[in-house]
Amino acid sequence: MTGGNGLKSYTKNSSYQRGVIDAAKSHIQGAIAKKLQPENLETFSVADLGCSVGPNTFFAVQNILESVKLKYKTHEPNSKIPEFQVFFNDHSMNDFNTLFKCLPPNREYYASGVPGSFYSRLFLRGSLHFVHSSYSLHWLSQVPKEVTNRKSLAWNNGRIYHIHAREEVTKAYSMQHAMDMTNFLSARAEEVVPGGLVAIVVPARPNGTPHAQVIFNMMFDLLGSSLMELSKKGLIDEERVDSFNIPAYCTCPQELEAVIQKNGCFSIERMKSLSTVIAPDTRHRPQDVSLSIRAITEELIREQFGAEILDELFHLFTNKVGEAHQDIASGIALNLFLLLKRN
Ligand SMILES: C[S@@+](CC[C@H](N)C(=O)[O-])C[C@H]1O[C@@H](n2cnc3c(N)ncnc32)[C@H](O)[C@@H]1O
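Rules of the game
- Residues numbered from 1 in each chain as written.
- Predicted model: local features only at pLDDT ≥ 70, side-chain atom pairs only at ≥ 80, totals over all residues.
- Heavy atoms only, no water.
- UniProt positions renumbered as here; feature names shortened; annotations may be inferred.
- Pairing = 2+ DSSP bridges.
- Helix = DSSP H or I, 4+ residues; strand = E, 2+ residues; numbered from the N terminus.
- Axes fitted to C-alpha atoms, helices over the stretch in contact; angles between N-to-C directions.
- Core = buried A, V, L, I, M, F, W, Y, C linked by side-chain atoms within 4.5 Å.
- Buried < 20%, exposed > 50% of the residue type's maximum accessible area, 1.4 Å probe, protein only.
- Contact = heavy atoms within 4.5 Å.

- The name an unreviewed UniProt entry gives the protein chain is S-adenosylmethionine-dependent methyltransferase, with Fraxinus pennsylvanica as the organism.
- Per UniProt, the protein chain carries the Sequence similarities (unreviewed entry) text "Belongs to the methyltransferase superfamily. Type-7 methyltransferase family."

### Digging into the sheet that holds strand β2 (residues 83-90)
- The sheet built from seven strands is open, its strands ordered β3-β2-β1-β4-β5-β7-β6 with mixed pairing. What marks the edges here is a single partner per strand, and that holds for β3 (110-115) and β6 (266-273). Adjacent strand axes in the sheet meet at a mean angle of 15 degrees, parallel and antiparallel pairs treated alike.
- Both β6 and strand β7 (residues 334-342) contribute to a ladder of seven bridges, which runs antiparallel. When the sheet's bridge partners are listed, Met-271 is paired in β7 with Leu-338.

### Quick notes on the nonpolar core
- Formed by 44 residues in total, the largest nonpolar core has its most connected members in Leu-227, Ile-246 and Ile-301.
- Of all the secondary-structure elements, those providing two or more residues to this core are α4 (167-191), α5 (215-232), α8 (286-305) and α9 (310-323).
- Here this core gets 10 residues from one element, more than from any other, and that element is α5.
- Ignoring any residue separated from it by four or fewer positions in sequence, one finds Ile-301 in contact with Leu-223, Phe-244, Gly-306, Ile-309, Leu-310, Leu-313 and Phe-314.
- With 33 residues, the next largest nonpolar core counts Ile-32, Leu-41, Leu-65 and Val-68 among its residues.

Written as structure tokens, this is what we have:
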């Protein structure tokens, strides 16, 4: 299951992400009520980037459309409400068939699938009015090259993520993220009409918070030590662990602001933490946390190590999540809502 850019398609929706979509709902409603300038349009185009297979994307889209209709009705009661075109985007290997089969039968929009990486151009110039992306932009376009290069100071041996690694490893991850966000913004700058909105939700860390204190990051770190344990037992080759890294990064407001300002095409209209979301933390049983991490990493692990190790790996991981209870309890879980407006 490899996507167009050589990366996997991480297709599973989780109830945790559903919680995130729900928590973002009122922010999106508010954003559209306050920031959208209704124009006399024939077609209003919405794109959901990193849509997966549903159903979360359908809830998000429904919320956007209802909010836009409400804005049109209250702003200009006599004006015509445009027709809606919705583009569902994900990697080309996403299961678009499942997505299309599950499209709500009573939908009031025309649906299209758009395959490809959102780190490059996907849509016609000046064709989108509202872009949405939830829980997708923390996936990097690739593992930073240096971290798998034995000759580099950023070689990440014995780990699969940058937590507790050399500073150079974290720097490589952060630079990859900045590069990816730059590409994302440049592509959207071409595609979004002036005054158009981009709403993003990402797992993040507060400014100044060390990466190691973020629960999201702790999970990948524990998964890495579980893999190392399997390699010590001789069940997997250590070199395969050394060459495996999770292509994800947990950003912070400062880093996002820096790339958005450098790009210069968008104003930041809102940046808020979604505090109502329950993180996969101590309130969840280790087994449930393990299942949710398995859902998002299983494909990547299967491709690198084979399917045989999965059950034992996640058994070890579940134990480690249980043992790390105290650290996780004092960890940080932040989901950031970001609203951008095209200048
Ligand atoms: C965790 S799921 C989130 C799904 C849904 N948005 C939600 O909130 O439930 C992340 C999705 O982003 C997609 N994704 C990751 N990187 C992507 C990229 N560069 N281009 C398009 N889709 C990407 C994955 O394939 C996956 O379907």
